[in-house]
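# A closer look at the structure
In case you want the letters, here they are:
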Amino acid sequence: MLDFIPTLRPRPAVRSAAEASGDPTRTLDEILRAAVSEGASDVHFEPKEDGLVVRFRLDGEMREHARLPMTQREPLLSRGKIFGGMDITEKRLPQDGRAVLREKDRRFHLRLSTLPTVHGESLVIRLLDQTMPGQDFGELGLAPPQAEAVREALAGPVGLIYLTGPTGSGKTTTLHAALHVLDHQARVIHTLEDPVEYEFPSIRQTEIREKIGLTFASSLRALLRQNPDVLLVGETRDAETAQLAIRAALTGHLVLSTLHTNDALASVPRLRDLGVESFLLAASLRLIAAQRLVRRLCRECRAPHPDNARLREVHRLPDAEFCQPVGCPACRQRGFRGRLAIHEVIPVRKFLPLIAANAPLAELVALREREGLLTLWQHGLAAAARGLTTIEQVAHVL
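Residues numbered from 1 in each chain as written. Predicted model: local features only at pLDDT ≥ 70, side-chain atom pairs only at ≥ 80, totals over all residues. Heavy atoms only, no water.

## Examining the overall build of the protein chain
In terms of regular secondary structure, the protein chain is built from 13 helices and 16 strands. Here the C-alpha radius of gyration of the protein chain, 23 Å, is about what a compact globule of 398 residues would show, namely 21 Å. When its C-alpha atoms are laid out on the principal axes, the protein chain stretches across 70 × 60 × 40 Å. Within the protein chain, the fraction of its 398 residues that count as buried is 51%. Nonlocal contacts in the protein chain, meaning residues at least 24 apart in sequence, comprise 62% of its contacts between residues at least 6 apart. About 18900 Å² of surface is accessible on the protein chain, with carbon and sulfur atoms providing 51% of the total. Across the protein chain, 52 positive and 49 negative side-chain charges occur, with their mean positions spaced 2 Å apart. (Helix = DSSP H or I, 4+ residues; strand = E, 2+ residues; numbered from the N terminus. Rg over C-alpha atoms; globule rule 2.2 N^0.38 Å. Buried < 20%, exposed > 50% of the residue type's maximum accessible area, 1.4 Å probe, protein only. Contact = heavy atoms within 4.5 Å. Areas by Shrake-Rupley, 256 points an atom, 1.4 Å probe, with all protein chains shown as cover. Lys, Arg positive; Asp, Glu negative; His and termini not counted. Charge placed at Lys NZ, Arg CZ, Asp CG, Glu CD.)

Dropping the structure here:
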């Protein structure tokens with residue numbers, strides 16, 4: 001049984017949201033139970049002209065869970081706002097809230113967000129599973145040479161490590177897996193995050209609150225006066241944060257952060273655009289990586305691709321075993337179960353002369369090809385060749 005915080009009295013499970021039509025607390029309880037059971041990453045409550053649609057994001061894709069009548073729409077949304085500690089009388093402005101739920105030995109942080117729409121307030125609840133960040137690099141999908149390059153960069157006492165990718169590509173999970181590699185007893189580790197998704201008992205964590213002026217830049221400036229050894233800056237959003245991260249890396253700190261770029265090498269011109277001098281970037285940068293999430297084929301029902309011979313020839317992979325989704329009870333007939341990260345990892349040691357000389361991106365890309373470093377597409381293709389995902393999934397994501 002789920003034990004909610006803020007506390008809700010235990011209630012008997014119901015079979016469907018429709019059966020709980022008279023009690024919004026019971027309805028919300030049932031929906032969250034279903035979301036946890038199906039492995040949803042977030043729940044969307046979408047107001048419509050004639051009621052409320054509830055959708056789950058499962059393995060990155062949206063699936064409709066229930067349609068509720070107009071009589072349930074406002075009570076359920078109000079209950080969600082109370083659950084997240086929000087003001088139920090304020091319906092004109094966006095609001096954010098949070099809560100915690102537990103199921104047996106699993107613990108979830110919930111991030112709630114409301115936004116006014118033409119048919120009423122939309123509510124989204126993100127479910128952050130606190131049991132996830134203990135995964136090692138192999139479980140995260142890194143190829144052995146990529147994992148070794150990351151470990152080598154983390155072993156250094158100073159420098160800057162950047163992980164790039166769009167929102168929702170698993171960057172936070174990968175960064176927290178990297179923190180597990182570090183010696184928590186011999187080092188002072190501090191993170192700045194928006195929000196704090198996973199909690200570590202031996203790491204100091206600060207949650208960014210821009211509404212009160214607690215930004216990444218202001219927090220990082222204050223944190224540098226506390227003499228940490230390792231800093232995790234959740235996101236480099238502006239020039240001031242980028243400059244401070246560079247300064248920290250140059251003054252005896254190991255800094256991990258993220259950027260929003262299409263691939264790893266694109267972070268170099270992006271940082272230049274933020275005002276970072278090329279010679280400072282070359283002096284501080286140790287590793288840059290990019291990642292995406294693709295849907296993982298269900299191991300119980302995946303089947304050989306009917307065009308395996310042609311795909312092997314086209315992609316020049318004679319030993320490949322490409323597969324396709326089928327669907328079974330284990331994956332709820334979806335053919336996919338969970339997600340897999342694909343990566344591009346660039347140890348920058350050989351790139352530093354080009355970076356310092358302000359070389360264009362094309363020259364960096366050419367050097368990556370000469371060094372034989374895997375691109376996102378190549379790593380994704382290798383995963384498809386092993387039957388872990390499909391070529392269509394990799395092409396869709398990239």
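Having seen it, we continue.
## Some points on the confidence of the model for the protein chain
Of the residues in the protein chain, 93% have a pLDDT of 70 or more, and the chain-wide mean is 87. Here residues 1-15 is a poorly scored stretch, pLDDT under 50, and it has 36 contacts once near neighbours within four places are set aside; other chains count. (pLDDT = per-residue confidence, 0-100.)

## Some remarks on empty space enclosed by the protein
Inspection of the entire model under this criterion finds 3 cavities of 30 Å³ or more. In this structure, the largest cavity is lined by 16 residues; those nearest its centre are Val150, Leu163, Thr174, Leu287 and Ala289. Only helix H3 (144-155), strand S8 (159-164), helix H4 (171-181), strand S13 (285-297) and strand S16 (336-347) provide two or more residues apiece to the lining of the largest cavity. Residues that form the lining of the largest cavity fall into these classes: 14 nonpolar, 2 polar and no charged. (1 Å grid on protein atoms, 1.4 Å probe; cavity = no way out; pocket = protein on both sides within 12 Å on 5 of 7 lines; lining within 4 Å. Points joined across faces, edges and corners; volume = space filled by probe spheres on them. Nonpolar A, V, L, I, M, F, W, Y, C, P; charged D, E, K, R; others polar.)

## Structural notes on the sheet that holds S16
Strand order in this open sheet of 7 strands is S10-S9-S11-S12-S8-S13-S16, and the pairing throughout is mixed. In this open sheet, the two strands that pair with only one neighbour each are strand S10 (204-207) and S16. The sheet shows a mean angle of 15° between the axes of neighbouring strands, taken without regard to direction. Relative to strand S12 (residues 254-259), strand S11 (residues 230-233) runs parallel, the two being bridged by 4 bridges. Paired with Leu231 across the strands is Val255, a residue of S12. Of the strands in this sheet, S8, S11 and S12 touch helix H6 (residues 239-250), which is tilted by about 140° from S8. Of the strands in this sheet, S13 and S16 touch helix H12 (residues 376-385), which is tilted by about 140° from S16. (Pairing = 2+ DSSP bridges. Axes fitted to C-alpha atoms, helices over the stretch in contact; angles between N-to-C directions.)

## With respect to the side chain of Thr114
In this fold, Thr114 is placed in strand S6 (residues 106-117). The class for Thr114 is buried, based on a relative accessible area of 2%. Residue contacts for Thr114: discarding those within four places in its chain leaves Lys81, Met86, Leu93, Pro94, Gln95, Glu121, Ser122 and Leu123.

## Here we look at the pairing of S6
Sheet topology note: the strand S5 (residues 95-103)/S6 ladder contains 9 bridges and is antiparallel. Residue pairing for S6: Asp96 is matched across the bridge by Ser113. If you look at the hairpin formed by S5 and S6, you'll find 2 residues sitting between the two strands, and Lys104 has a positive phi there, around 55°. With 10 bridges connecting them, S6 and strand S7 (residues 120-129) associate as antiparallel partners. In the sheet register, Thr114 faces S7, and the bridge partner there is Leu123.

## Some points on H6
Here H6 contains 12 residues, and its C-alpha end-to-end distance of 17 Å stays within 8% of the 16 Å for a straight helix at 1.5 Å per residue. Of all the positions in H6, only Thr241, Ala242, Leu244, Ala245, Ile246, Ala248 and Ala249 are classed as buried. Buried positions along H6 lie against S8, helix H5 (216-223), S11, S12, helix H7 (267-273) and helix H8 (278-284). In this structure Asp238 caps H6, since a side-chain oxygen of it lies 3.3 Å from the backbone nitrogen of Glu240. Following H6 by one or two positions, Gly252 has its phi on the positive side, about 95°. (Expected span 1.5 Å × (residues − 1). Polar contact = N/O pair within 3.5 Å; in protein donor to acceptor, adjacent residues only side chain to side chain.)

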